[in-house]
Amino acid sequence: MRKEWFKEDGLATLASAATNGVSRRGFMKAAGAGLVLGFTFTGGGRMARAAGIPPAAQQPNAFLRIAPDNTITVTVNRLEFGQGVHTALPMLIAEELDADWSQIRGALAPAGEAYKDPAFGIQITGGSGSVAHSWVQYREIGAKARAMLVAAAAQQWGTTPNQVKAANGVLTGPGGRKATYGEMAEAASKQPVPANVVLKNVEDFRFIGKPMPRLDARAKSNGSQQFGMDFKPEGTKIALVARPPVFGAKVKSVDAAAAKALRGVVAVERVPLDRGAEGVAVIADGYWQAKQGRDALKIDWDTSGVEKVDTSKQFAAFRALAAKPGTVAKQADTSKLAAAPKKIDAVYEFPYLAHAPMEPLNCVVDLKGDACTIWAGSQFQTMDQAAAAKTAGLKPEQVTLHTMMAGGGFGRRATPSSDYIVEAVNVAKAYGKGPVKVIWSREDDIKGGYYRPAHVHRAALGLDGKGNIVGWDHTIVGQSIITGSAFEPMMVKNGVDNTMVEGMGEPYKVPLNLTVHNAQANVPVLWWRSVGSTHTAFVMETLIDEAAHAAGMDPVAYRKKLIPADHQRHHLALDLAVGKSGYGTKKLPKGQAYGVALHESFGTVVAYVVTASVEKGVPKLHTVTAGVHCNQAVNPLTIEAQVQGAVLMAVGTTLPGAAITLKDGMVEQSQLSDYTMARMPDMPKVEVHIVPSTQPPTGMGEPGFPPLAPAFANAVYRLTGKRLRKLPFDLATAVKV
């Protein structure tokens, strides 16, 4: 291995790489400086290959920096937008480095070859894979840095490495010799990088598995944390874009005289938008001037040639399609269904949903002749960097993308078309006089597209005299979020978008025959927190519950009967939630009932036991007890927070008004006043219990969402005898069974 040195801000710098599919090369040297271990991908991961992204040799990047004052900065190769990765990944390095946690800091990585996800081959925050995919990568970084520090101390002190102890940021040797990591980092830079290191055993963990305070908690609590929305370089103008009322429409004509006459408005430009649409950007000194200018525009939109979706008509069409078999996703023998003594027939409807993060989209672009600098809360740095370069007529290496802290996203900041990034680059190109910040208002965000797709499910189940499911015929209708994207080769098999059917039939041993219809609609759709499990879990867990009642069995006992013994993680999560909740043993207050559901997504099993009531015809959730099996829990505090957040978000999908609807092609909702989001009064008491495990961790950002709504619906059934077949909940249309 070739190693060289360079100096950066007076810091001794240490970095390393994952062992999965990478080569380590391209190091740089500068006299009297610290160490950088950079690397580039040689083959990329499955997502990179599917998207046709070639490996590129770029500047090596530092993962770990040790300052003379012993401050240790860990570079996080993801986006931090509330999920806690800004703490979890530094924990992995700190663990193997044997660092002093009080000296650990986090920094978000820019777009860079070294920072690509070891599994996907692109820099991405999604799929609940941040910790799971970097579990070995970041631990190796810490272990190799520790080995180099120990070797340096041993050399200076004239002893052997096994006589040097590293603990809590301090090196100790024979004769009482001591040195902090900061004092030894420069010498460590001259040590060879270990080819292999032995990682700690679980029983030796000091940080992993312990509830650790978040590194970003104080700054976010006192308001000093800078998010993308806060960032405005000197000389930057603010732009708002008037987007067409119907997706894909263009500008027929625009009268900008009134806008240009307003004080503070510096330019009005027509710009190309996502999906072949066109808009008008108003560029001004500040947000208010840009908004006033946009409001003053007189635009005649050309909506000819684009479909104008109507929600009521769309659901009618979806229901008609659901009555017919579609493309086969799973096959099973359903010959016993017709003659089964007990049958369940159900049709489910799920609306479009907006991501609606607390911080709407924003992007700063400084475009020069041969370079482009971008500041954005990107979930998709590799894709966004490439898309920005193509738009600007540059090479990806000419685009610098700084990752900003973001206030939520839930998938909206990871668009395959990089829509908001490309839009901002187009605005900067049209303006051409300096940096521009494009801001989406809340209304822009709600109406701006890329929603969780609407779906219709049709299910027909047959049960024998003992309550066994002898046949299950099922059809799903909805738009594919993958078909037509760069990821289609990887995620669409035999015409079936795997994200549409994920979780169907699982983990139960049932004869499920599953088909799908990929419907077409002029509505942009995208992954949304927990993706297909947002609807499949609701259908599966309410139907299994209904089958249990039809069989005359307790819903928990029925589930355990249908879950194979080798699905131990499901049994353990369910048993933990049931045991901690008092289900079956604790008497509830009058008017309350239990509801149960469990679901696996992104490798993690979450089981919920909830209590609910119906007050004046309105379902009310009181308590939620969670049993979580995510293998090794890295930071229990983060896991608890993710489950709590997922619970509240899932409760929101059950509330009246939690739907995006369209009429004449236009989205009818525009603000949080008419698009319902859950608020603190909707929050139940949540208890989170984690199944102990020493296996490599699985995802936690999304798995807490799917089983909540079905558990809630199952409790409502116990209270009312009605089955809820739609989200959001509507007892008026619920089915009496």
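See the structure shown above.
Here the structure is a predicted model, which means the values were calculated and not measured.

Draft legend 1. Broad picture of the environment of Asp566. Residue placement: Asp566 occurs in the loop between helix H15 (555-562) and helix H16 (568-581). You can call Asp566 exposed: its relative accessible area is 63%. As a C-alpha pair, Asp566 and Leu108 span 458 residues in sequence and 40 Å in three-dimensional space. Among the polar contacts listed, one links the side chain of Asp566 to the side chain of His567, at a separation of 2.9 Å.

Draft legend 2. Empty space enclosed by the protein, seen in detail. For the structure shown, the criterion picks out five cavities of 30 Å³ or more. Reported here for the largest cavity is a volume of approximately 80 Å³. Along its surface, the largest cavity is lined by 15 residues, and Pro453, His455, Ile481, Thr499 and Gly532 are the ones closest to its centre. Its residues assigned to classes, the lining of the largest cavity comprises seven nonpolar, six polar and two charged.

Draft legend 3. Representation of the sheet that holds strand E21 (residues 399-403) in the model. A sheet is described by the order of its strands in space; here seven strands give the open sequence E14-E15-E12-E22-E19-E20-E21, paired in mixed fashion. For this open sheet the edge positions go to strand E14 (265-272) and E21, each flanked by a neighbour on one side alone. Mean inter-strand twist for the sheet, computed between neighbouring axes without regard to direction, equals 25°. Note that strand E19 (residues 362-367) and strand E22 (residues 436-439) share four bridges and pair antiparallel. Pairing of Val365 across the sheet is with Val436, part of E22. Here helix H10 (residues 419-431) sits on the sheet in contact with strand E12 (237-242), E14, strand E15 (278-284), E19, strand E20 (372-376) and E22, set at roughly 40° to E19.

Draft legend 4. Focus on the pattern of salt bridges. By the definition in use, this model includes 31 salt bridges. When the shortest N-O distance is used, the salt bridge between Glu95 and Lys200 registers 2.8 Å. Residue Glu95 is found in helix H2 (residues 85-97), and its partner Lys200 is found in the loop between helix H4 (181-188) and helix H5 (217-222); the two are separated by 105 residues along the sequence. Asp98 serves as the salt-bridge partner of Arg146, at 2.9 Å between the closest nitrogen and oxygen. Linking Arg146 in helix H3 (residues 130-157) with Asp98 in the loop between H2 and strand E8 (104-108), this pair joins segments that are 48 residues apart in sequence. Its relative accessible area of 8% is what places Asp98 among the buried residues. What you see here is one network of salt bridges that share partners, running through Glu95, Asp98, Arg146, Lys200 and Arg206.

Draft legend 5. The arrangement of the sheet that holds strand E9 (residues 165-167) in detail. Pairing in this open sheet of three strands is antiparallel, and the strands run E9-E10-E11 from one edge to the other. Lying at the two open borders of the sheet, with one neighbouring strand each, are E9 and strand E11 (178-180). In this sheet, adjacent strand axes meet at a mean angle of 20° when their direction is disregarded. Strand direction decides the pairing type here: strand E10 (residues 170-172) and E11, joined by three bridges, are antiparallel. Bridged to Leu171 within E11 is Ala179.

Draft legend 6. Molecular detail of the packing of aromatic side chains. As enumerated under the stated definition, the model contains 17 aromatic pairs in all. For the ring pair Trp528 and Phe705, a centre distance of 5.3 Å and an interplane angle of 80° mean the geometry is edge-to-face. Taken together, the residues Trp528 in the loop between strand E27 (512-518) and helix H14 (533-550) and Phe705 in the loop between strand E33 (685-690) and helix H18 (708-720) connect sequence positions 177 residues apart. Of the residues examined, Trp528 reaches a relative accessible area of 4% and is grouped as buried. Using a relative accessible area of 4% as the deciding quantity, one classes Phe705 as buried. For the ring pair Phe538 and Phe729, a centre distance of 6.5 Å and an interplane angle of 45° mean the geometry is tilted. Placement of the pair is Phe538 in helix H14 and Phe729 in the loop between strand E34 (722-723) and strand E35 (735-736), with a sequence separation of 191 residues. Of the two residues examined, Phe538 and Phe729, each falls in the buried class. The rings of Tyr348, Phe350, Phe538, Phe712 and Phe729 are connected pair by pair, giving a single aromatic cluster. It is Arg243 that lies over the ring of Trp440; its NZ or CZ is 3.7 Å from the centre.

Draft legend 7. Focus on the nonpolar core. One finds Ile469, Trp472 and Tyr608 to be the most contacted residues of the largest nonpolar core, which totals 116 residues. Not counting chain neighbours up to four residues away, the residues in contact with Ile469 comprise Leu461, Gly462, Leu463, Val510, Pro511, Ile544, Ala547, Tyr558 and Leu562. With 49 residues, the next largest nonpolar core counts Val76, Leu108, Leu149 and Val634 among its residues.

Quick notes on the rules
- Counting from 1, residues in each chain are numbered in the order their sequence is written.
- Two thresholds apply to this predicted model, a pLDDT of at least 70 for residue-level local features and 80 or more for giving and counting side-chain atom pairs, whereas whole-chain, interface and lining totals are computed over all residues.
- The side-chain values count all of the structure's non-hydrogen atoms but skip hydrogen atoms and water molecules.
- Strands here are runs of E lasting at least two residues and helices are runs of H or I lasting at least four, both read from the DSSP assignment and numbered beginning at the N terminus.
- The buried label applies to any residue whose accessible area, calculated with a 1.4 Å probe on protein chains only, is under 20% of its type's maximum; exposed applies above 50%, and partly exposed to all values in between.
- Between N or O atoms, a polar contact is any pair within 3.5 Å; within protein, one atom must be a potential hydrogen donor and the other a potential acceptor, and residues adjacent in sequence are included only when both atoms are from side chains.
- Only protein atoms enter the calculation, which uses a 1 Å grid: trapped sets of points that fit a 1.4 Å probe without letting it out are cavities, open sets showing protein on both sides within 12 Å along at least five of seven lines are pockets, and any residue with an atom within 4 Å of a point is a lining residue.
- Grid points are joined across faces, edges and corners, and a volume is the space filled by probe spheres set on the points.
- In this classification, the charged set is Asp, Glu, Lys and Arg, the nonpolar set is Ala, Val, Leu, Ile, Met, Phe, Trp, Tyr, Cys and Pro, and all remaining amino acids, among them Gly, are polar.
- Strand pairing is defined by DSSP finding a minimum of two bridges between the two strands.
- For helices, the fitted line uses only the C-alpha atoms of the stretch in contact; every axis is such a line through C-alpha atoms, and the angle between N-to-C directions lies from 0 to 180 degrees.
- For this analysis, residues touch if any pair of their heavy atoms sits within 4.5 Å.
- By salt bridge we mean one thing: a side-chain nitrogen of Lys or Arg within 4 Å of a carboxyl oxygen of Asp or Glu.
- Aromatic rings from Phe, Tyr and Trp, taking only the six-membered ring of Trp, are treated as a pair when their centres fall within 6.5 Å; an angle between ring planes under 30 degrees marks them as stacked, one over 60 as edge-to-face, and anything in between as tilted.
- We count a charge as sitting over a ring when the NZ of a lysine or the CZ of an arginine lies within 6 Å of the ring centre and within 35 degrees of the ring normal.
- Residues belong to one nonpolar core when they are buried, are Ala, Val, Leu, Ile, Met, Phe, Trp, Tyr or Cys, and are joined through side-chain atoms within 4.5 Å.

So, to be careful, I would describe these as geometric facts and stop short of saying anything about function.
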